[in-house]
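# Fold and contact review
Here's the letter readout for the chains.
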Amino acid sequence: MNRIGGRIGNRATGAGAGLRSLALIGATLMATPAIVPATAALLASARPAAAQVPATLMADQVYVDETGRLIATGAVEIWHGSIRMTAERVSYDRANDSLLLNGPLTISDGPDTVLLADAAELSPSLRAGIVTSARLVLDQQFQISAARIERGTNRVSQMDQVLASSCPVCATNPTPLWEIRAERVIHDEPGGRLAFDHAQFRIAGVPVFYLPRLVLPAPGTNRLRGFLRPEFTMDSDLGFTAGIPYFIPLGERQDLTLTPRVSTEGMVSLGFRWRHASRRGGIEIGGQVSRDDLTAADLRGYGYVRALFHLQNDWVLTADVLAASDRTYLETYSITDDARLHGHVTLERIRRNEAQRLRALGFYSLRAGDINARQPNVALQAESEHHYTLGGGDLALSYGARGFERASTLDGRAGRDVARAHVELGWRRSGVLPGGLLATAALNGRVDHVRIDDDIRYLDPVTRGVAQAMVELRWPWMRVDSGGARHVIEPVVQVISSERSGERLPNDDHTMPELDAGNLFAFHRYVGTDAPDDGSRVNAGLRWARHDPASGWSTEALIGRIWRSEPLAGYHPAHLQPLGRATSDWLLAGRVSHTDGYAFTLRMAIDPETRNLSRGETNLSWTRGRTDLSTTYLYVPASRFEDRAVDLSEWSVDIGRRFGNGWSTTLGWDYDIGQNLFATARAGFAFVNECLSFELTMARRFVTATNPSSSTRFDMRVELLGIGGAAPSDAGRTCRT
């Protein structure tokens, strides 16, 4: 039988206007019950633009019975606005202005709300009425089964005898992993909440706890006032700690989260976080205040500020500041393991050929042996850089000023304060010479004017100039062997001449020099400007790379060295520094990787006289199927210049394994080989399926520079997926038959 379609609508008003015209037309055309011919199309006259949107009905058969009811049977489909409904039989009673639907029927309001039921009595708008033996699916993740659903015109529904869960229910396993049973549930769509009366929470069918009333955010709701996921930890210092965040929305652009916590060791704390969003950015202010017995202080805590704003004319304002009441608070409460806190407030603008930056910086060391009054805790910085095209090359002009201050007034390094202004001009051009030789020439000049207080070893003021010239030649060679592998060999030679005028400056911004593959051929090797790379020098190296697409193997290697006209001053002891002598250590670096997930990287510096390893780092990573492995070994010798009293020889391992049933595990440690002791050890277990996320981690912290005593911490996180903004996982989402 052909399908029958019709547009439904007239000039009538009221809740039943959507389908009333079809009933009127049918009653007018047929005085007795009759079947509408299969090829007939029932079209109502068009309504005014401001009137209600008409509905559309399609069915195998449409007729009017002897009581005047319009009846559609056989694969009935109705569209009304965003609502689409399918049923086996629909009956429209004009006298009661209602629709009787016989199922199985489906009512969908967009992709986020789907209702399955056996029968229903609805208003013609399909938005209000009573549904029996129903299953409601919200946001394609949260399912609510109810014996009866009564939905009002205000989009608030009452459900009786409810079972709710985001876990799938299969024929072979009809009991969900977790479920909430309730006598009644109120679904407030405008408010985005689900209110359960006499709620019983079950795990694998076993009742766990009972609540007389439970309010949860509806799926897809991210800003509902109420309690968030509880937090549980166990620590050797704090004992068992429990906390529950409470979220308070303050309009559409602000919110406040308060997190009270208590522990079995008598700790009481209150965490807070305030956020504000605007069209151009946002700001977040948070922290925590605690009372515990770990120190003599009555109250301890920390606070932070983070901000990002896009201002006019491409200016961007950012801020990231973190401060604590004492040295051990942040590590004790697992806020951060950083040994030094650093914050900033920055105003910057970056365009294609220019960049400007204004910045205020703050530093605070958490190391027990550091005296913060003798550290540069506050610094101010202003920089501007512009690029132009000149003579076929790039001309860069930069200028700026910066300064820092120590709280100490002692003479010398412990109390030295410095302010500096500079101007720098550089030019660089690259080209290809005959024979494929790549040539680069560069010139650079810089003038610094420096004021120094609280250090009589240096003149005040000091004006210093540095001029540098560089010529670099690269000659890449490439071949493809019979197996299809590509080889590239590139010798590199770089000649640099540098001249400095004026008195030397104190070195405060470059006390950690490095020699690696990233700076072997750098014009400016140092990260700071206090100790420039003075004197004439030759940087030379050889690069080799091989890529075999057939086997999947890729190999890279670099060997290089630096020759100077004379050693750099200031390295103590010079023979332990890769850059401390006239000839640097040999630099060896390489990487081997495979498309199957293998990767091995190596970087080492070798003393040319003793042929011993002066420093090195290796990393091996392997990812295969469900297993991840990463191990790193680091060796750096003691150095008075770098404020390191003992050799650093550390081995780190991290192993992860994912199992097919949703379980995964991690294991790792940091081991100090030089001192023959563990620095940290960690392990964790996690379970994730389509409706539940569970994570348990353990971390053992041994004695560190910021924590004088060892401690053990357990963290447990449990989250019911599919509720609120928690998206369900795809793991195990299908039923197996």
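Residues numbered from 1 in each chain as written. Predicted model: local features only at pLDDT ≥ 70, side-chain atom pairs only at ≥ 80, totals over all residues. Heavy atoms only, no water.

## Topic: the overall build of the protein
Convention followed: Under the scheme used here, helices are H or I runs from DSSP no shorter than 4 residues and strands are E runs no shorter than 2 residues, and both carry numbers assigned from the N terminus. Contacts between residues were defined by any pair of non-hydrogen atoms, one from each residue, lying within 4.5 Å. To be clear on the numbers: accessible area is Shrake-Rupley with a 1.4 Å probe, and residue cover counts the displayed protein chains and nothing else.
Across its full length, the protein holds two helices and 44 strands. Within the protein, contacts between residues at least 6 apart in sequence are counted, and of these 47% link residues at least 24 apart. Carbon and sulfur atoms form 58% of the exposed surface of the protein, whose accessible area is close to 38200 Å².

## Digging into a nonpolar patch on the surface
This is how it is decided: Distance thresholds for patches are 9 Å for like charges and 5 Å for nonpolar side chains (Val, Leu, Ile, Met, Phe, Trp, Tyr), applied to residues having over 30% relative accessible area and no salt bridge. Whenever a carboxyl oxygen of Asp or Glu lies within 4 Å of a side-chain nitrogen of Lys or Arg, that contact is scored as a salt bridge.
A contiguous nonpolar patch, built from Trp475, Trp477, Ile489, Leu542, Trp544, Ile559, Trp563 and Trp586 and spanning about 750 Å² of accessible area, is present on the exposed surface. If you list the elements that add at least two residues to the nonpolar patch, you get β34 (537–547) and β35 (553–564). Following the sequence through the fold, Trp586 ends up in strand β36 (residues 586–594).

## Quick notes on the environment of Leu308
As for its position among the elements, Leu308 is in strand β23 (residues 300–310). Spatially, the C-alpha atoms of Leu308 and Asp320 are 9.1 Å apart, while their sequence positions differ by twelve residues. Excluding residues that lie within four positions of it along the chain, Leu308 makes contacts with Arg280, Gly281, Gly282, Val316, Leu317 and Thr318.

## Notes on the pattern of salt bridges
In this structure the tally under the stated criterion is 45 salt bridges. The salt bridge partner of Arg457 is Asp455, with a shortest N-O separation of 3.1 Å. Salt bridges here are not isolated pairs; linked through shared partners, they connect Arg402, Arg420, Glu424, Arg446, Asp448, Arg464, Asp509 and Asp530.

## Some points on the side chain of Thr318
One can find Thr318 in strand β24 (residues 316–324). Each residue touching Thr318, except ones within four places of it in the same chain, is listed here: Ala307, Leu308, His344, Val345 and Thr346.

## Quick word on a negative patch on the surface
Here is the rule: When charges are counted, Lys and Arg are positive and Asp and Glu negative, with His and the chain ends excluded. A charge is said to be at NZ when it belongs to Lys, at CZ for Arg, at CG for Asp and at CD for Glu.
Side chains of Glu405, Asp411, Asp453 and Asp454 sit close together on the surface and give a patch of like negative charge. Structurally, Asp453 can be placed in strand β30 (residues 437–453).

## A word on the nonpolar core
Test applied: Among the buried residues, those of types Ala, Val, Leu, Ile, Met, Phe, Trp, Tyr and Cys that are joined through side-chain atoms within 4.5 Å form a nonpolar core. A simple rule labels every residue: compare its accessible area, found with a 1.4 Å probe on the protein chains alone, to the largest value its type can have, and call it buried under 20%, exposed over 50%, or partly exposed in between.
Counting 49 residues, the largest nonpolar core has Leu101, Ile144, Trp178 and Phe196 as the members making the most contacts within it. Considering every element that reaches this core, the biggest residue donor is strand β7 (residues 83–93), with five residues. Of all hydrophobic cores here, the second largest spans eleven residues; its members include Leu515, Leu520, Leu568 and Leu587.

## Here we look at the environment of Thr665
For clarity, the threshold we go by: Any N or O atom pair separated by 3.5 Å or less is treated as a polar contact, with the protein-specific requirement of one donor-capable and one acceptor-capable atom, and with residues adjacent in sequence counted only for side-chain atom pairs.
Along the chain, the position of Thr665 falls in strand β41 (residues 663–672). The spatial distance from the C-alpha of Thr665 to the C-alpha of Ile655 is 8.2 Å, given a sequence separation of ten residues. Apart from the residues lying within four places of it in its own chain, the contact partners of Thr665 are Ile655, Gly656, Arg657, Phe659, Gly684 and Phe685. At 3.1 Å, the side chain of Thr665 forms a polar contact with the backbone oxygen of Gly684.

## Focus on the confidence of the model for the protein
Note the threshold: For every residue, the pLDDT score states the predictor's confidence, bounded by 0 at the bottom and 100 at the top.
The share of residues in the protein with pLDDT of 70 or more is 89%, and the mean pLDDT across the chain is 84. Taken together, the stretch residues 6–51 has pLDDT below 50 and engages in 89 contacts with residues farther than four places along the chain or on a different chain.

## Some points on the packing of aromatic side chains
As a reminder of what qualifies: Each pair of aromatic rings taken from Phe, Tyr and Trp, with Trp reduced to its six-membered ring, is defined by centres within 6.5 Å and is described as stacked if the planes are under 30 degrees apart, edge-to-face if over 60, and tilted in the remaining cases.
Tallied over the entire structure, the rule returns 15 aromatic pairs. Aromatic pair Trp553 and Tyr598: ring centres 6.4 Å apart, planes at 20°, arrangement stacked. Pair noted here: Trp553 is in strand β35 and Tyr598 is in strand β37 (residues 598–606), with a separation of 45 residues, a long-range link. On the accessibility criterion, Trp553 (36% relative accessible area) is partly exposed. A ring pair is formed by Trp563 and Trp586, whose centres lie 6.1 Å apart and whose planes are at 90°; its orientation type is edge-to-face. Remark: Trp586 occurs in strand β36 and Trp563 occurs in strand β35; sequence separation between them is 23 residues. A connected cluster of aromatic rings, assembled from ring pairs, spans Tyr302, Tyr304, Tyr329 and Tyr333.

## Things to note about the pairing of β34
Quick note on the threshold: In this scheme, strands are said to pair when DSSP sees at least two bridges between them.
Sheet topology note: the strand β33 (residues 486–501)/β34 ladder contains eleven bridges and is antiparallel. Its bridge partner being in β34, His487 is matched across the sheet by Arg546. Both β34 and β35 contribute to a ladder of eleven bridges, which runs antiparallel. Paired with Trp544 across the two strands is Ala557, which belongs to β35.

## Observations concerning the pairing of strand β17 (residues 231–235)
Judged from the five bridges that link them, β17 and strand β18 (residues 239–243) form a sheet pairing that is antiparallel. What sits directly across from Glu231, in β18, is Gly243. If you look at the hairpin formed by β17 and β18, you'll find three residues sitting between the two strands. Bridge count between β17 and strand β44 (residues 711–720): four bridges; the pairing is antiparallel. Residue pairing for β44: Thr233 is matched across the bridge by Asp715.

## Overview of unusual backbone geometry
Of note, the amide linkage connecting Asp460 to Pro461 takes the cis form, showing an omega dihedral of 0°. Inspection of the secondary structure puts Pro461 in the loop between β30 and β31 (462–474).

## Here we look at the side chain of Glu284
Residue position: Glu284 is located in strand β22 (residues 281–291). Polar side-chain contacts of Glu284 include one of 2.6 Å to the side chain of Tyr304. When sequence neighbours within four positions are dropped, the list of residues in contact with Glu284 reads Arg273, Trp274, Arg275, Tyr304, Val305 and Arg306.

## With respect to the environment of Ser384
Here Ser384 is to be found in strand β27 (residues 376–390). Taking relative accessible area as the criterion, Ser384 reaches 9% and is therefore assigned buried. The sequence separation of Ser384 and Val423 amounts to 39 residues, and the corresponding C-alpha distance is 9.7 Å. The residues touching Ser384, leaving out its near neighbours within four places in the chain, are Ala355, Gln356, Leu397, Ser398 and Tyr399. Polar contacts involving the side chain of Ser384 include one to the side chain of His386, which spans 2.9 Å.

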